[in-house]
Amino acid sequence: MGCDGGTIPKRHELVKGPKKVEKVDKNAELAAKWKYCALSQEKLRRPIVSCDLGRLYNKDAIIEYLLDKSAERPNAEAVAHIRGIKDIKELNLTDNPEWEGERRNTKGDRYEDIHCGMFICPVVGLEMNGKHRFCYLQTCGCVFSDRALKEVKTEICHKCGDPFHDEDIVVLNGTKEEVEKLRVKMEERKAKAKTKKSKKSKVAETVSTPSESKGDTQSPQVDVAGSSSLQNGGESSQSAVAGPSGSSSSSSSSKGSKSSTSSASKRSIQDMSEKSEAFKSLFTSHSSAKRTKDQTSNWVTHTPYHF
């Protein structure tokens, strides 16, 4: 039974038993949810946004995804419900004074606390590291712990003072059941928004239809005027066929009527007695603006071709 060197193998080395189920490290799972972006898997950095399902993202990663959705990404399923900027909310987070970031253990000779969070609850002071339940408000984006909302029951935000309702509270990185409930709320909210848009479009159509009906009522008058003009045109054509004398008389009468109307509508400023000479001299019809033959110059080309 011995091998080279006199070693004796044990039973577990010779007999293969059932494979053990691999367990996920809870600390690593919490760090992946609360310290890294759900889309790009990069470390969270301001500005940080969240969707209606309570997932954390870097705003830069979301904008890049919306600009180019055709690019391949490892976690594209996590943002399939995000269709625009309106589907996300920028979070108003409170920094943790004990968080030193990457500068804390640059040499590797100090203990690094994995459970230390970058942000805390502004009311209770709990760290946002995954051990405590956190929520954010859709109205203002402020983030609080669930304990703070339960202990201090108000309808006004503790940080900015904006009013909110229980429906505006979204759990961050919740369980599967909580995510399903949030998904149902999101779908209901989108359905309500669609109904509001349809109502607005119907109101716009009802407003536009009366104006169209008015235009239809006015159109017969235009047709009547056109028919009368056509009749007049027919009569004029008949008179033109009758003889040249009738055409000349009709044309002279029309010219006389036009000149009389133009003279009645237009009036020279120089003939107005109530206006002063200084005011009349501003116009080209004044005698001072007119030039004599000596003052007029000959026509000269701008591009002369003679040398």
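Definitions and cut-offs
- Residues numbered from 1 in each chain as written.
- Predicted model: local features only at pLDDT ≥ 70, side-chain atom pairs only at ≥ 80, totals over all residues.
- Heavy atoms only, no water.
- Helix = DSSP H or I, 4+ residues; strand = E, 2+ residues; numbered from the N terminus.
- Buried < 20%, exposed > 50% of the residue type's maximum accessible area, 1.4 Å probe, protein only.
- Contact = heavy atoms within 4.5 Å.
- Areas by Shrake-Rupley, 256 points an atom, 1.4 Å probe, with all protein chains shown as cover.
- Salt bridge = Lys/Arg side-chain N within 4 Å of Asp/Glu carboxyl O.
- Patch = residues over 30% accessible without salt bridge, like charges linked within 9 Å, V, L, I, M, F, W, Y side chains within 5 Å.
- Lys, Arg positive; Asp, Glu negative; His and termini not counted.
- Charge placed at Lys NZ, Arg CZ, Asp CG, Glu CD.
- Arc of directions from axis to C-beta.
- Pairing = 2+ DSSP bridges.
- Axes fitted to C-alpha atoms, helices over the stretch in contact; angles between N-to-C directions.
- 1 Å grid on protein atoms, 1.4 Å probe; cavity = no way out; pocket = protein on both sides within 12 Å on 5 of 7 lines; lining within 4 Å.
- Points joined across faces, edges and corners; volume = space filled by probe spheres on them.
- Nonpolar A, V, L, I, M, F, W, Y, C, P; charged D, E, K, R; others polar.

(A) Broad picture of the overall build of the chain. Counting its secondary structure elements, the chain contains 7 helices and 8 strands. Taking all 307 residues of the chain together, the buried fraction comes to 21%. Summarising the internal contacts of the chain: among those between residues at least 6 apart in sequence, 46% fall at separations of at least 24. In the structure as shown, the chain presents an accessible area of about 23,600 Å², 54% of it carried by carbon and sulfur atoms.

(B) Summary view of the pattern of salt bridges. Following the criterion strictly, the structure yields 7 salt bridges and no others. Glu42 is the salt-bridge partner of Arg45, the closest N and O atoms lying 3.3 Å from each other. Accessibility expressed as a relative area gives 39% for Arg45, which makes it partly exposed. Ionic pairing is found between Arg189 and Asp52, a salt bridge with its closest N-O pair at 3.7 Å.

(C) Inspection of a negative patch on the surface at higher detail. A cluster of acidic side chains, namely Glu155, Asp166, Glu167, Glu187 and Glu188, defines a negative patch on the protein surface. Relative to the elements of secondary structure, Glu187 occurs in helix H5 (residues 176–242).

(D) Geometry of helix H3 (residues 59–67). Residues Ala61, Ile62 and Tyr65 constitute the buried set of H3. End-on view of H3: buried residues confined to an arc of 100°, all on one side of the axis. Residues of H3 that are exposed and point over 90 degrees away from its buried face: Glu64 and Leu67.

(E) Representation of the sheet that holds strand S2 (residues 56–58) in the model. On the basis of which strands lie adjacent, the open sheet formed by 3 strands has the order S2-S1-S3 and antiparallel pairing. Strands with a single pairing partner mark the edges of an open sheet, and in this sheet they are S2 and strand S3 (88–90). Neighbour-to-neighbour, the strand axes of this sheet turn through a mean angle of 40°, independent of strand direction. For strand S1 (residues 48–51) and S3, the ladder comprises 3 bridges, and the chain directions are antiparallel. Within S3, the residue paired with Ser50 across the bridge is Lys89. Set on the sheet, H3 makes contact with S1, S2 and S3; between it and S2 the angle comes to about 75°.

(F) Up close: empty space enclosed by the protein. Taken as a whole, this structure holds 2 cavities of 30 Å³ or more when the rule is applied. Roughly 80 Å³ of volume is contained in the largest cavity. Lining the largest cavity are Asn27, Leu30, Ala31, Trp34, Lys35, Ile114, His115, Met128 and Asn129. Approximately 50 Å³ is the volume found for the second largest cavity. Around the second largest cavity, the lining residues are Asp52, Gln138, Glu167, Ile169, Val170, Leu182, Lys185, Met186 and Arg189. Secondary structure elements with two or more residues in the lining of the second largest cavity: strand S8 (169–171) and H5. Partitioned by chemical class, the residues of the lining of the second largest cavity number 4 nonpolar, 1 polar and 4 charged.

(G) Molecular detail of a nonpolar patch on the surface. On the surface, Ile63, Leu67 and Ile85 cluster together into a nonpolar patch covering about 310 Å² of accessible area. Along the polypeptide, Leu67 turns up in helix H3.

(H) Geometry of the sheet that holds S8. Spatially, 3 strands are ordered S7-S6-S8 in an open sheet, and the strand pairing comes out antiparallel. What marks the edges here is a single partner per strand, and that holds for strand S7 (143–145) and S8. Here the average twist between neighbouring strands, direction ignored, is 35°. Relative to S8, strand S6 (residues 134–137) is paired through 3 bridges, and the arrangement is antiparallel. Looking at the pairing, Leu137 lines up with Ile169 of S8.

(I) Structural detail: the layout of surface pockets. Taken as a whole, the largest pocket encloses approximately 850 Å³ of empty space. In this structure, the largest pocket is lined by 22 residues; those nearest its centre are Asp52, Met186, Arg189, Lys190 and Ala193. Element by element, the count of residues in the lining of the largest pocket is highest for H5, at 10 residues. Broken down by class, the residue content of the lining of the largest pocket amounts to 5 nonpolar, 2 polar and 15 charged.

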